Amino acid sequence: MTEWVKLELDIDRFDDARFEPYLRRAQSAGTRFTTMAALDDAPEQRRALYHLNKACSADIPDRGPFYTYDEYVAQRIDVATFNPNGVIVATLGADWIAMSATSLHPDQQFAFSEMTGVLAPHRGKGLSLALKLLAIQFVRSSGYRRLVAFHHPRNETAIAMNRRLGFVDQVR
Ligand SMILES: CC(C)(COP(=O)(O)OP(=O)(O)OC[C@H]1O[C@@H](n2cnc3c(N)ncnc32)[C@H](O)[C@@H]1OP(=O)(O)O)[C@@H](O)C(=O)NCCC(=O)NCCS
């Protein structure tokens, strides 16, 4: 059985200023950041999110076959924890190139980083750090102080990304 790497970020200790340059750099290069809420969460946008999530998830170790579109809507969007304000999307022209989705869990008082993904041609430029800065600001403005992420132990890039942001091994 997979022993997940469980990471947690203390939102109060996160220093936005360290990561704002990544956001500005991406914006200067023409990348736009929005949310599913701002995009009205319409059917065509749900389909674009699905294709983006599917393409990025192909690089998650042992991910296995991805959902069909109908399964994705039923299991990832039409669920109580889906929050369109917490789904940040990065676009370049008409292309959707990256995403970061965060859910809120009031019963346990933490936010959960569901999925951060950048299409392969756009990786290595700090885009994930820009997305996660916006995700962390969403978590803070929603009144939460803990952001949790689980990763496959072989997903070294994602683990490094989160450690770079200040995530540490979960102790609880
Ligand atoms: C993980 C992922 C989102 C990173 O996106 P990215 O935009 O390429 O990452 P960034 O350029 O913002 O790099 C952020 C940090 O991640 C780490 N990182 C990025 N690419 C790395 C690589 N190839 N090897 C090791 N660490 C890497 C570094 O710590 C980097 O910070 P630094 O360059 O300042 O040291 C991207 O690789 C991806 O979409 N992977 C497939 C989907 C996935 O596994 N998502 C996570 C599961 S939810």
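Residues numbered from 1 in each chain as written. Predicted model: local features only at pLDDT ≥ 70, side-chain atom pairs only at ≥ 80, totals over all residues. Heavy atoms only, no water.

Caption draft 1: Focus on the pairing of strand β1 (residues 5-10). The pairing of β1 with strand β6 (residues 146-151) spans six bridges and is antiparallel. Looking across to β6, one finds that L7 is bridged to A149. With two bridges joining them, β1 and strand β7 (residues 168-169) adopt antiparallel strand pairing. When the bridges of β7 are listed, E8 appears paired with V168. (Pairing = 2+ DSSP bridges. Helix = DSSP H or I, 4+ residues; strand = E, 2+ residues; numbered from the N terminus.)

Caption draft 2: Seen up close, the site of the ligand. Close contacts around the ligand come from 22 residues, with T116, G124, S128, N155 and R164 the closest. Burial of the ligand by the surrounding chains reaches 73%, relative to a free accessible area of 930 Å². The set of elements that each furnish at least two residues to the shell around the ligand consists of β5 (110-118), α4 (127-141) and α5 (156-165). Top element by residues in the shell around the ligand is α5. It accounts for five residues. Here the shell around the ligand is composed, by residue class, of 10 nonpolar, eight polar and four charged. (Near = heavy atom within 4 Å. Areas by Shrake-Rupley, 256 points an atom, 1.4 Å probe, with all protein chains shown as cover. Nonpolar A, V, L, I, M, F, W, Y, C, P; charged D, E, K, R; others polar.)

Caption draft 3: Spotlight on the pattern of salt bridges. Across all of its chains, the model carries nine salt bridges by this definition. The partner of D12 in a salt bridge is R145, with the nearest N and O atoms 2.6 Å apart. Of the two residues, D12 sits in the loop between β1 and α1 (16-28) while R145 sits in the loop between α4 and β6, which places them 133 residues apart along the sequence. The shortest N-O distance in the salt bridge between D169 and R163 comes to 3.0 Å. With relative accessibility at 44%, the residue D169 sits in the partly exposed group. One network of salt bridges, with partners in common, ties together D41, R46 and D78. (Salt bridge = Lys/Arg side-chain N within 4 Å of Asp/Glu carboxyl O. Buried < 20%, exposed > 50% of the residue type's maximum accessible area, 1.4 Å probe, protein only.)

Keep in mind these values describe shape, not function.
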